[in-house]
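Here are the chains, one letter per residue:
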Amino acid sequence: MLSSTATMLRAGVSRSSGALQPMLLRSAACPCSPFSMNTKLQQPTSVRPLSTTPSALVLRFRAQQQAQTQAQQQLRRASSSSTRPRSDAELDANAAEAAAAAQSAAHAGEPVLDWNTFFKLRKTRRRVQLAFSVIMTLVTSGVGGAVLSTGVADSLVSQVPLEPMFAIGLMTASFGALGWLMGPPIGAMVFNALKSKYRGQMAIKESQFFARIKKHRVDPSASSMGNPVPDFYGEKISSVAGYRQWLKDQRAFNKKRTTFV
């Protein structure tokens, strides 16, 4: 019985050998088939990394949010500054800054003047103006007194309800006051003629200086007898140290005002 079973198996194999052989050949030709004779281990293909990792996406999203927030804040500031009523001091300070910028653009090619030199030249100009005020006062007083002493203005002197000597004295003093007022512009003209190379830069520095004064000076409406305004026009400033002291005085005025309020 065993021999007959073996004989049947041999016959089945011999009959199906023709059908199995092409199938094995086809499977051998396919590299992916497990029956391939030349099958080699395939290296795993490397996965291409994504150009944007999750952390990069989060960072980009946060940057966009920050940019949007900043843009909204700028719009709010612009709208608030446009709708908020501006005081006269702010308008004056902005006008002075614009004038200073225009002066700087007009004299861009000239050498820059430092602040210490500017204050020295400013002090010299003030002294020249003061000297010409004194000179013009003496000149006009002497000329006016000499003219009045000739009797040219007797008709005018007689109309004054005072003694003639007092009337002539008042007229002479009036001539002297006129000369005192004529002194500063004449002194400024003489100073500009002597220091012509600093004329443009002096104009620039003066514009910048008065822009700073208008920006940092206090509100005079809050002054009182116990808290007067400290040098509102900055006329006493004659150096960089004097300007710093002026700023301290302005802060002290504001602090005292808030204390009283």
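As annotated in an unreviewed UniProt entry, the chain carries the name Presequence translocated-associated motor subunit PAM17 and comes from Neurospora tetraspora. Taken verbatim from the UniProt record of the chain, the Function (unreviewed entry) comment is "Component of the PAM complex, a complex required for the translocation of transit peptide-containing proteins from the inner membrane into the mitochondrial matrix in an ATP-dependent manner." You can read under Subcellular location (unreviewed entry) in the UniProt record for the chain the words "Mitochondrion inner membrane".

Enquirer: Help me understand the overall build of the chain in this model?
Expert: When its secondary structure is counted, the chain shows eight helices and zero strands. Along the chain, from the amino end to the carboxyl end, the secondary structure elements read α-α-α-α-α-α-α-α. In the chain, buried positions account for 20% of the 261 residues. Accessible surface, the chain: about 19,600 Å² in total, of which carbon and sulfur atoms supply 63%.

Enquirer: Looking at this structure, how should I read the UniProt feature "transmembrane region" (unreviewed entry) in the chain?
Expert: Per the UniProt record, "transmembrane region" (unreviewed entry) is annotated on residues 130-153 and 165-194. Regarding residues 165-194, the helix share stands at 100% and the strand share at 0%, and the terminal C-alpha atoms are separated by 42 Å.

Enquirer: Help me understand the packing of helix α4 (residues 115-149) against helix α7 (residues 199-216), please; the structure alone is not making it clear to me.
Expert: A pair of packed helices can be characterised by two numbers: the angle between their axes and the separation between those axes. Where α4 contacts α7, the axes come no closer than 11 Å and their chain directions differ by 100 degrees. Regarding the angle of α4 to α7, the classification is roughly perpendicular. Packed against α4, whose contacting residues are Trp-115, Phe-118, Phe-119, Leu-121, Arg-122 and Arg-125, the element α7 presents Met-202, Lys-205, Glu-206, Gln-208, Phe-209, Phe-210 and Arg-212 at the interface. Broken down by class, the residue content of the contact of α4 with α7 amounts to seven nonpolar, one polar and five charged.

Enquirer: Teacher, can you tell me more about the packing of aromatic side chains here?
Expert: Each aromatic ring pair is specified by the distance between its two centres and by the angle formed by the two planes. This model, assessed by the stated rule, comprises nine aromatic pairs. When the centroid spacing of 5.7 Å and the interplanar angle of 85 degrees are considered together, the rings of Trp-115 and Phe-118 count as edge-to-face. On the criterion of helical spacing, the pair formed by Trp-115 and Phe-118 is a turn pair, its members being three residues apart in helix α4. Look at Phe-118 and you get buried, because its relative accessible area is 0%. For the ring pair Trp-115 and Phe-119, a centre distance of 6.2 Å and an interplane angle of 35 degrees mean the geometry is tilted.

Enquirer: Help me out: how do you make sense of unusual backbone geometry in this one?
Expert: The phi angle of most residues is negative, glycine excepted, and most peptide bonds adopt the trans form. Here the phi dihedral of Asp-231 falls at roughly 55 degrees; this positive angle occurs in a residue that is not glycine. Examined against the element boundaries, Asp-231 turns out to sit in the loop between α7 and α8 (240-260).

Enquirer: Where do I start with the pattern of salt bridges in this structure?
Expert: Counted according to the given criterion, the structure contains one salt bridge. The partner of Arg-125 in a salt bridge is Glu-206, and the shortest N-O contact between them spans 2.3 Å. Here Arg-125 is found in helix α4, whereas its partner Glu-206 is found in helix α7, with 81 residues between them in sequence. Exposure class is identical for Arg-125 and Glu-206. Each is buried.

Enquirer: How do you make sense of the confidence of the model for the chain when you look at a structure like this?
Expert: Any segment with low pLDDT has predicted coordinates that should not be analysed in fine detail. This prediction gives the chain a mean pLDDT of 74; 62% of its residues lie at or above 70. By mean pLDDT, helix α1 (residues 2-29) is the weakest element of the chain at 45, and α4 is the strongest at 92. Counting interchain partners and residues more than four positions distant, the pLDDT-below-50 stretch residues 1-52 has 11 contacts. The low-confidence segment residues 81-85 (pLDDT under 50) makes one contact with residues lying over four places distant or belonging to another chain.

Enquirer: Looking at this structure, how should I read a nonpolar patch on the surface?
Expert: A cluster of nonpolar side chains, namely Leu-130, Val-134, Leu-138, Trp-180 and Leu-181, defines an oily patch on the protein surface of about 530 Å² accessible area. Going through the elements one at a time, α4 and α6 (164-194) are the ones with two or more residues in the nonpolar patch. Broken down by element, the nonpolar patch gets its largest block of residues, three residues, from α4. Residue placement: Leu-181 occurs in helix α6. Overall, Leu-181 belongs to the exposed group, its relative accessible area being 61%.

Enquirer: Can you help me understand α6 in this one?
Expert: Three or four residues apart is the spacing at which side chains of an α-helix point the same way, because the helix has 3.6 residues per turn. Taking 1.5 Å of rise per residue, 31 residues should cover 45 Å, and α6 covers 44 Å from first to last C-alpha, within 8% of that figure. Gly-183 marks where α6 bends most, by close to 30 degrees; the proline Pro-184 follows one to four residues later. Every buried residue of α6 is accounted for by Ala-167, Met-171, Thr-172, Gly-176, Gly-179, Gly-183, Gly-187, Ala-188 and Phe-191. On the buried face of α6, the contacting elements are α4, α5 (154-159) and α7.

The rules behind these values
- Residues numbered from 1 in each chain as written.
- Predicted model: local features only at pLDDT ≥ 70, side-chain atom pairs only at ≥ 80, totals over all residues.
- Heavy atoms only, no water.
- UniProt positions renumbered as here; feature names shortened; annotations may be inferred.
- Helix = DSSP H or I, 4+ residues; strand = E, 2+ residues; numbered from the N terminus.
- Buried < 20%, exposed > 50% of the residue type's maximum accessible area, 1.4 Å probe, protein only.
- Areas by Shrake-Rupley, 256 points an atom, 1.4 Å probe, with all protein chains shown as cover.
- Axes fitted to C-alpha atoms, helices over the stretch in contact; angles between N-to-C directions.
- Parallel < 35°, antiparallel > 145°, perpendicular 65-115°, else oblique.
- Contact = heavy atoms within 4.5 Å.
- Nonpolar A, V, L, I, M, F, W, Y, C, P; charged D, E, K, R; others polar.
- Phe/Tyr/Trp six-rings, centres within 6.5 Å; stacked < 30°, edge-to-face > 60°.
- Salt bridge = Lys/Arg side-chain N within 4 Å of Asp/Glu carboxyl O.
- pLDDT = per-residue confidence, 0-100.
- Patch = residues over 30% accessible without salt bridge, like charges linked within 9 Å, V, L, I, M, F, W, Y side chains within 5 Å.
- Expected span 1.5 Å × (residues − 1).
- Bend = angle between axes of the 7 residues up to and from the residue.

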